[in-house]
Amino acid sequence: MTSTSRLLRQWWSASDSKLLAQSESRLLDSLVKHTHVRKKFNIGGLNILEFNKAPTAAAGINNNQPAHPTIILTHGFGSGLGFFYRNINDLLQSEKVSRVICIDWLGMGGSDRPPCWESPVRSLFHSSSSTSNGFSLCNSRFTPSRALDFFLDPMEQVLQHDNSNEDGLYFHPDEKICLVGHSLGGYLAARFAMRNNNKSNGSGANISKLILASPVGFQPSPPPGQRLPFSNLPPAMRLLDALWSANFTPQQIIRLMGDKRGKRMVERALRGRIPHLSPSDVELLGEYFYHITVAPPSGEYAMNSLLEPAVASEGGAGVYARESLGGGIMTEMLSQNGESSIQSVKVLFGDRDWMSFNQSAAVKEMKEIQSKMGIDANVHVLPGAGHHLYLDNADAFVRHVLD
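Caption draft 1: A look at the overall build of the chain. The helix and strand tally for the chain stands at 15 helices and 12 strands. Buried residues in the chain amount to 54% of all 403 residues. In the chain, 78% of the contacts between residues at least 6 apart in sequence involve partners at least 24 apart. If you sum the accessible surface of the chain, you get close to 17000 Å²; carbon and sulfur atoms cover 53% of it.

Caption draft 2: Fine view of the packing of helix H9 (residues 259-273) against helix H10 (residues 279-294). Axis separation between H9 and H10 bottoms out at 9 Å; the angle between their running directions is 125°. Between H9 and H10, the interaxial angle falls into the category oblique. Along this stretch, H9 crosses H10, giving a crossing that reads as right-handed. Only Val282, Glu283, Leu285, Gly286, Phe289 and Tyr290 of H10 make contact with H9, whose side of the interface consists of Asp259, Gly262, Lys263, Val266, Glu267, Leu270, Arg271 and Arg273. Among the residues making up the contact of H9 with H10, the classes are represented as six nonpolar, two polar and six charged.

Caption draft 3: Inspection of unusual backbone geometry at higher detail. Positive phi is not limited to glycine here, since Glu95 has a value of about 65°. Position of Glu95 relative to the elements: it lies in the loop between helix H3 (85-93) and strand E4 (99-103).

Caption draft 4: Geometry of a positive patch on the surface. Together, Lys260, Arg261, Arg264 and Arg268 make up a positively charged patch on the protein surface. Along the polypeptide, Arg264 turns up in helix H9.

Calculation criteria
- Residues numbered from 1 in each chain as written.
- Predicted model: local features only at pLDDT ≥ 70, side-chain atom pairs only at ≥ 80, totals over all residues.
- Heavy atoms only, no water.
- Helix = DSSP H or I, 4+ residues; strand = E, 2+ residues; numbered from the N terminus.
- Buried < 20%, exposed > 50% of the residue type's maximum accessible area, 1.4 Å probe, protein only.
- Contact = heavy atoms within 4.5 Å.
- Areas by Shrake-Rupley, 256 points an atom, 1.4 Å probe, with all protein chains shown as cover.
- Axes fitted to C-alpha atoms, helices over the stretch in contact; angles between N-to-C directions.
- Parallel < 35°, antiparallel > 145°, perpendicular 65-115°, else oblique.
- Left-handed = near helix turned anticlockwise from the far one by under 90°.
- Nonpolar A, V, L, I, M, F, W, Y, C, P; charged D, E, K, R; others polar.
- Patch = residues over 30% accessible without salt bridge, like charges linked within 9 Å, V, L, I, M, F, W, Y side chains within 5 Å.
- Salt bridge = Lys/Arg side-chain N within 4 Å of Asp/Glu carboxyl O.
- Lys, Arg positive; Asp, Glu negative; His and termini not counted.
- Charge placed at Lys NZ, Arg CZ, Asp CG, Glu CD.

Have a look at this one:
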């Protein structure tokens with residue numbers, strides 16, 4: 001992006017990185033009573049906030065093993081670490097946590113926004129081996145493997161970054177980590193754990209507990225013979241495929257609206273998806289959500305490469321991971337690198353969660369993990385909660401994180 005186009009974008013949206021950071025600080029300073037320290041690393045360019053019970057707490061800047069585990073919270077697609085504002089106080093007040101670390105994935109939230117777009121292959125309109133076999137509605141030249149590397153490589157660098165000074169994020173070799181991921185972040189957290197779960201390698205964070213909140217990716221994508229043919233798809237699904245194939249994202253709609261209309265649309269979306277939010281919460285969260293939405297496009301373009309929409313002949317439409325966690329894949333990956341550091345895996349869904357079509361596949365995978373690895377692995381349904389279960393039923397969500 002040229003300097004002129006960048007200035008035009010900032011003028012039209014009335015937003016830039018400074019205003020984004022300010023809206024994040026206003027949200028957290030107003031609604032989270034515990035102090036936080038910003039940890040933005042040159043390595044990886046991730047926006048990281050570390051929350052402690054008191055300004056003098058030194059869980060992350062000394063070489064002593066913490067008495068309690070560290071909680072790492074990672075958000076979903078199009079979201080940011082500020083969305084966990086309802087959970088941080090309760091986690092720290094439980095006396096079961098040494099610190100809470102919130103991380104924005106690369107290309108999202110307040111993290112750096114490197115360009116990662118590559119022209120997609122619009123498989124319904126151009127001949128290719130995948131279209132002739134009907135494997136997917138749309139594909140991108142940004143492969144699933146490269147898209148995973150885009151998100152996971154910076155996270156690995158940060159969590160393996162042994163820096164004990166006050167600007168670093170130090171992890172004691174024996175410190176226990178509970179890694180929590182929501183939605184797409186749940187999928188990425190699972191993939192991160194599948195790469196980094198060997199107890200014997202002695203480097204990086206020691207992930208002992210994995211919590212996947214309303215994750216995408218357990219239900220394998222329906223095979224060609226079990227998908228509705230394109231000619232039978234309703235017009236809305238054909239439009240969705242065209243937009244998905246072209247990597248047109250929801251964020252782009254808000255960017256086109258400009259400042260006032262964009263902010264109104266974001267607040268309307270919050271009230272519709274999370275109707276129980278108070279007016280003050282909507283105002284603070286809405287301002288923050290607007291700024292992370294209209295920030296320069298980056299990580300959002302990997303959605304096309306990691307996920308695909310499909311309509312099954314039986315079961316309806318859904319969004320599936322191109323490389324599934326189900327069908328024994330997660331079990332195999334967690335157990336193949338020697339003794340695993342992971343002692344517990346927990347998958348959470350809301351009782352009115354649109355992502356719950358993954359639930360049966362997640363139950364099967366957790367049973368297989370229990371059987372083959374001998375660790376605690378379960379699926380739980382939170383009452384009174386939809387996809388944003390950490391906000392819809394924050395008390396139950398925190399209990400599951402702490403148990």
